[in-house]
Amino acid sequence: MDWRKTKTIFILTFLVLNIYLGVQILEKREQSQLELLAEASTEEKFEVDEITYADLPKAPPKESYISGSSYVFTDDDLEKLMEDKGQEVRRVDETTINAVWKEPIALPETNMTSRLNTVFQDQILFADQYKFWGYNQVTNTLYFFQQYDGKHIYSNSSGMVMVQLNELNQIISYVQTYITDLQEMDVEQDVISVFNALENLYNSGDLRPRSHVGHMELGYYTLLDNTNSHVLIPTWHIVIDEDQDYFVNAFEGSIIKKDNRTLE
């Protein structure tokens, strides 16, 4: 019997066995970690993935759909703007007006927001029903969205004022639409928490590792837009990493829409 050869065979056999057992241990450890992760709470998953978020706003336990109709601008409306506000006004259609100031309105370098609010309240019909939403640097446009019960009506072309600035940052014109007769519909439904909305974004892959969730707010989004009639649903608006807007159905948790942020 060749003892050297036998010894070598035993060594190789034990080496292969050790490698096999090591691989099995690593696979079991990895599987165990995956199982633990699957069983972990959403908070723990966020911590592992280094996902951070600002203070979570509280939601009312129940909300309703709201409905309304597009406002039809009258001849009196246009005459008021032209005679009292120094604007040239035309109808784009019966529910949309486009107005141009005869003289551009300057915005100061300081206290611009205060000046803007003063101009807006003094120059626009139903001005107290809108709230500043954001600024698009690409088009040099200011956006004001209509509100209901202190909540924004998101991205709705039927309830918005777009104010155009020139290259000197002077206000020169605007386009306006307005939703009238806003009211709650009869049936109330449970509202999911904003954390549940974040969980759905995480499960869909939209909320990624090392993300930060900043702004979170409950508002309304158009569910049905039928000519001049509108039905809007309570909706969570969530901003991730300051450049991605998400809108999540506050009743069902489904993602309604996601946009690259152009408003600042």
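Report follows, based on the coordinates. Predicted, not measured: the structure shown is a model, and the values here were computed from it. (Residues numbered from 1 in each chain as written. Predicted model: local features only at pLDDT ≥ 70, side-chain atom pairs only at ≥ 80, totals over all residues. Heavy atoms only, no water.)

1. Description of the pattern of salt bridges
Note the threshold: Throughout this description, the term salt bridge denotes a Lys or Arg side-chain nitrogen within 4 Å of a carboxyl oxygen of Asp or Glu. Under the scheme used here, helices are H or I runs from DSSP no shorter than 4 residues and strands are E runs no shorter than 2 residues, and both carry numbers assigned from the N terminus. Burial classes: relative accessible area under 20% of the type maximum marks a residue as buried, over 50% as exposed, and values in between as partly exposed (1.4 Å probe, protein chains only).
The full count for this structure, using the stated rule, is 6 salt bridges. In this structure, D190 and K62 form a salt bridge, with 2.6 Å as the shortest nitrogen-oxygen distance. One end of the pair, D190, is in strand β10 (residues 179-190); the other, K62, is in strand β2 (residues 62-70), with 128 residues separating them in the sequence. Under the relative-accessibility criterion, K62 is labelled partly exposed at 40%. Here E88 makes a salt bridge to K102, at a shortest N to O gap of 3.9 Å. One end of the pair, E88, is in strand β3 (residues 87-93); the other, K102, is in strand β4 (residues 96-106), and 14 residues separate them in sequence. Each of the salt bridges in this network shares a partner with another, and the network as a whole consists of E63, D149 and K151.

2. Side note on the nonpolar core
Which entries qualify depends on this criterion: For our purposes a nonpolar core is just a set of buried Ala, Val, Leu, Ile, Met, Phe, Trp, Tyr and Cys residues, chained together by side-chain atoms within 4.5 Å. The contact criterion used throughout is that any non-hydrogen atoms of two residues lie within 4.5 Å.
Counting residues in each nonpolar core, the largest one holds 25 residues, and the members touching the most others are F144, V161, I171 and Y174. Among the secondary structure elements, those contributing two or more residues to this core are α3 (75-84), β4, α4 (112-123), β6 (141-148), β8 (160-165) and β9 (170-176). The element that contributes the greatest number of residues to this core is β4, accounting for 4 residues. Aside from chain neighbours lying at most four places away, what touches F144 is L116, F120, Y130, K131, F132, W133, G159, M160, V161 and V163.

3. Quick look at unusual backbone geometry
Even without being a glycine, F126 presents a positive backbone phi close to 60 degrees. On the basis of relative accessible area, F126 is assigned to the partly exposed category, the value being 26%. One non-glycine residue, N169, lies in the positive phi region at around 60 degrees. Relative to the helices and strands, N169 is located in the loop between β8 and β9.

4. As for the packing of aromatic side chains
Note the threshold: Pairing of aromatic side chains here covers Phe, Tyr and the six-membered ring of Trp, requires ring centres within 6.5 Å, and sorts the geometry by plane angle: under 30 degrees stacked, over 60 edge-to-face, intermediate tilted.
Enumeration according to the criterion identifies 19 aromatic pairs in this entry. Ring geometry for W101 versus Y174: centroids 5.2 Å apart, planes at 50 degrees, classification tilted. Of this pair, W101 sits in strand β4 while Y174 sits in strand β9, and the two are 73 residues apart along the sequence. As far as the burial class goes, W101 and Y174 line up, both buried. On the basis of an interplanar angle of 50 degrees and a centroid distance of 6.1 Å, the ring pair of Y130 and Y178 is categorised as tilted. With Y130 in strand β5 (residues 130-136) and Y178 in the loop between β9 and β10, the pair connects residues that are 48 residues apart, well separated along the chain. Of the residues examined, Y130 reaches a relative accessible area of 6% and is grouped as buried. Judged by its relative accessible area of 10%, Y178 falls in the buried class. In textbook terms, an aromatic cluster arises when at least three aromatic residues are bridged by ring pairs, as seen for Y71, F73, F120, F126, Y130, F132, F144 and Y178.

5. Observations concerning a negative patch on the surface
The cut-off we apply is this: The residues that make up patches have over 30% relative accessible area and no salt bridge, and they are joined within 9 Å when like-charged or within 5 Å when they are Val, Leu, Ile, Met, Phe, Trp or Tyr. Working definition of accessibility: Shrake-Rupley area with a 1.4 Å probe, residue cover restricted to the visible protein chains. When charges are counted, Lys and Arg are positive and Asp and Glu negative, with His and the chain ends excluded. A charged residue contributes its charge at one atom only: NZ of Lys, CZ of Arg, CG of Asp or CD of Glu.
A cluster of acidic residues, D76, E79, E83 and D84, forms a negative patch at the surface. Structurally, E83 can be placed in helix α3. Given a relative accessible area of 63%, E83 falls into the exposed group.

6. Quick look at the side chain of S67
Tracing the backbone shows S67 in strand β2. S67 sits in the buried class, given a relative accessible area of 18%. Those residues in contact with S67 that sit more than four places away from it in its chain are D181, L182, Q183, M185, H230 and V231.

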